[in-house]
Amino acid sequence: MSPLSPALFPALAEAQAAPDGPGAHRPALRFGDRSLTYGELAATASPLAARVAEAGRIAVWATPTLETAVAVVAALLAGVPAVPLNPKSGESELGHIVSDSAPTLVLAAPGTQLPPALAALERVDIDVDVNVRGRGTTSPDTGTPETPALIVYTSGTTGPPKGAVIPRRAIATTLDALADAWQWTGDDVLVHGLPLFHVHGLILGILGPLRRGGSVRHLGRFETAGVTRELSEGATMLFGVPTMYHRIAETLPDDPALAKALARARLLVSGSAALPVHDHERIAEATGRRVIERYGMTETLMNTSVRADGEPRAGTVGVPLPGVELRLTEEDGTTAVEAYDGETVGEIQVRGPNLFTEYLNRPEATAAAFTEDGWFRTGDMAVRDPDGYVRIVGRKATDLIKSGGYKIGAGEIENALLEHPGVREAAVTGEPDADLGERIVAWIVPADPQSPPTVDELADHVARRLAPHKRPRVVHHLDALPRNDMGKIMKRALTHD
Ligand code: MCA
Ligand code: AMP
């Protein structure tokens, strides 16, 4: 058995050990007008950790609240894997995640109504009442480096989402590599409004500040007014997906206070999808500040970043992070591309301690994701500039769509559409969208051409079954889908129509 890891959150361990020490009074988490210091976080997470210590796996109803942050910290202290659930998940997606990950209990904020898919699970309320300080429980940090910390569900090209098993080692490694690249310290105060059931918002956005001993202010939901307020009141860093930066770029011309606040920030970071150069430029012009991009994936956590002390070059995701091996490969998936010429395209493959362990219950998918010598195939296509900057130019699979920074598999939406009685055949594609990056387009052959289902009907249907961000925004009706001789749908013919 591997030895226990050093504390994932040294500042929290210090507050546990010295509840009246100065470190215990430092701010840790703030959501709206509710906040916790490190001492208070220790006092709330420790008893919860003790409560869940015997659980096999726990689900966390991951609303954008203080409760979710406390629950995930408690799970990490207890060494029990947590499965963050999107509270807007539809019945079929939630049913799949719960049966696949088989949690023994679900943690939720008191008073939250949970859907029927979770009815069979024991429910534990997340108590963040700090008045119960000194409850006497200090939960040691019990994980080993390989202990699964989080199981994060992520879409693939086919089938329902897969659970990526992320060990503590990967979380610690990626956060420390980012600290190096971004000169991220305990003095930083992060602001963001990202959801807490994905890597970006949860690992980078909550666990990141806690590992540094700094603090995070979560906006509850993303709004430019919240960004202005927090960056004007001491926050130093902003994390967001390109859609958020696009909305900032749109707002800037009429909002000098936002421009002033952004100009003050130490670091503006975008990730989860490509930030268009036009938005980079508009933000730089209005604020004098350059957004930097980092590139990651649920399975790999963070791979590259523009460094705080490096040249911020729009349209690139910077250089490999410390400890990450990155190569480009030719079409065979194993021959390395040696060129650093800014034009030879290859698939990005990565290796390093930042990687996940496996897809839960999917040994074949796990095996297929790696080459024989242990490189993870990202499916992202890129070129490298002569100085090593990576520029992502596309994606191998056309059946993966990135909308609002969420990865969405065309196949899951097609399956959901086919369950609608008004749909006989369905194909789903992504098309460029200024706000979302890509928007989901459904091409359907209606069961009854005289009364085809409306876009709203199909959007509601998909949102109810899967999740609102997976709903089609555009629906085209066709007499037949274009197919090749083998009967396979020719999606390129659809997108180019
Ligand atoms: C609209 N809504 C509906 C329907 N239509 N609900 C049910 N049925 C319908 N038919 C609701 C939505 O749920 C939402 O509710 C509201 O209407 C507006 O939705 P929408 O227009 O889709 O989006 P938005 O609210 O404008 O969101 C844009 C966003 C969001 C804030 C940028 O896309 C977002 O949070 N993206 C972040 C994605 C992310 O974190 N990805 C990280 C994964 P309500 O108003 O209640 O919200 S990638 C990752 O982790 C890797 C490692 C990486 O590199 O980072
Ligand atoms: P996910 O599987 O949801 O974690 O999304 C990971 C994918 O997001 C990657 O494989 C990339 O395609 C994309 N991605 C993340 N960050 C960036 C970025 N800065 N630029 C371009 N694509 C990105």
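Scope of this entry: the structure provided in the associated data block. (Residues numbered from 1 in each chain as written. Chains lettered and ligands numbered in written order. Predicted model: local features only at pLDDT ≥ 70, side-chain atom pairs only at ≥ 80, totals over all residues. Heavy atoms only, no water.)

**Here's the deal with the sheet that holds strand β14 (residues 301-305)**
For sheets, the rule is that strands pair by backbone hydrogen bonds, running either parallel or antiparallel.
For step 1, the next point in the chain: Taken in spatial order, the nine strands make up an open sheet running β2-β1-β10-β9-β11-β12-β13-β14-β15, and their pairing is mixed. Edge positions in the sheet fall to β2 (34-37) and β15 (319-320), since each has one partner strand and no second.
For step 2, the next point in the chain: Note: strand β1 (residues 27-31) against β2, four bridges, orientation antiparallel. Paired with R30 across the bridge in β2 is S35.
For step 3, the next point in the chain: Packed on one face of the sheet, helix α3 (residues 66-78) meets β1 and β2 and runs near 30° to β2. (Pairing = 2+ DSSP bridges. Helix = DSSP H or I, 4+ residues; strand = E, 2+ residues; numbered from the N terminus. Contact = heavy atoms within 4.5 Å. Axes fitted to C-alpha atoms, helices over the stretch in contact; angles between N-to-C directions.)

**Focus: the site of ligand 2**
For step 1, the next point in the chain: Residues in close proximity to ligand 2 total 15 residues, the closest being R294, T298, D380, K402 and K407.
For step 2, the next point in the chain: The contact in question runs from a nitrogen atom of ligand 2 to an N or O atom on the backbone of S272, over 3.1 Å.
For step 3, the next point in the chain: A distance of 2.5 Å separates an oxygen atom of ligand 2 from a polar side-chain atom of D380.
For step 4, the next point in the chain: Relative to its unbound accessible area of 500 Å², ligand 2 is 92% covered by the protein chains.
For step 5, the next point in the chain: Residue contributions to the shell around ligand 2 peak at five residues, all from strand β13 (residues 292-297).
For step 6, the next point in the chain: Class assignment of the residues belonging to the shell around ligand 2 gives a composition of six nonpolar, four polar and five charged. (Near = heavy atom within 4 Å. Polar contact = N/O pair within 3.5 Å; in protein donor to acceptor, adjacent residues only side chain to side chain. Areas by Shrake-Rupley, 256 points an atom, 1.4 Å probe, with all protein chains shown as cover. Nonpolar A, V, L, I, M, F, W, Y, C, P; charged D, E, K, R; others polar.)

**Some words on the pattern of salt bridges**
For step 1, the next point in the chain: Scanning all chains against the criterion turns up 31 salt bridges.
For step 2, the next point in the chain: Taking the shortest distance from any N to any O, the salt bridge between R211 and D176 comes out at 2.8 Å. Of this pair, R211 sits in helix α6 (residues 199-212) while D176 sits in helix α5 (residues 168-182), placing them 35 residues apart in sequence.
For step 3, the next point in the chain: The salt bridge partner of E419 is R465, with a shortest N-O separation of 2.7 Å. Separated by 46 residues along the polypeptide, E419 in the loop between α12 (410-418) and β24 (423-433) and R465 in helix α13 (residues 455-465) bring together distant segments of the chain. (Salt bridge = Lys/Arg side-chain N within 4 Å of Asp/Glu carboxyl O.)

**Thoughts on the packing of aromatic side chains**
For step 1, the next point in the chain: Tallied over the entire structure, the rule returns eight aromatic pairs.
For step 2, the next point in the chain: Relative to Y406, the ring of F197 has its centre 6.3 Å away and its plane inclined at 5°; by these criteria the two rings are stacked. Pair noted here: F197 is in the loop between β9 (189-192) and α6 and Y406 is in strand β23 (residues 406-409), with a separation of 209 residues, a long-range link.
For step 3, the next point in the chain: Accessibility expressed as a relative area gives 9% for F197, which makes it buried.
For step 4, the next point in the chain: Look at F356 and F376: their rings are 5.5 Å apart centre to centre, the planes differ by 80°, and that puts the pair in the edge-to-face class. With a gap of 20 residues between them, F356 in the loop between β18 (346-351) and β19 (358-359) and F376 in strand β20 (residues 376-384) connect regions that are remote in the sequence. F376 matches F356 in its accessibility class, with the two residues each being buried.
For step 5, the next point in the chain: An aromatic cluster is present here, built from F356, Y359, F370 and F376 joined pairwise through their rings.
For step 6, the next point in the chain: Lying across the ring of Y359, K162 places its NZ or CZ 4.9 Å from the centre.
For step 7, the next point in the chain: Sitting above the plane of the Y340 ring, R384 keeps its charged end 4.0 Å from the centroid. (Phe/Tyr/Trp six-rings, centres within 6.5 Å; stacked < 30°, edge-to-face > 60°. Buried < 20%, exposed > 50% of the residue type's maximum accessible area, 1.4 Å probe, protein only. Lys NZ or Arg CZ within 6 Å of the ring centre and 35° of its normal.)

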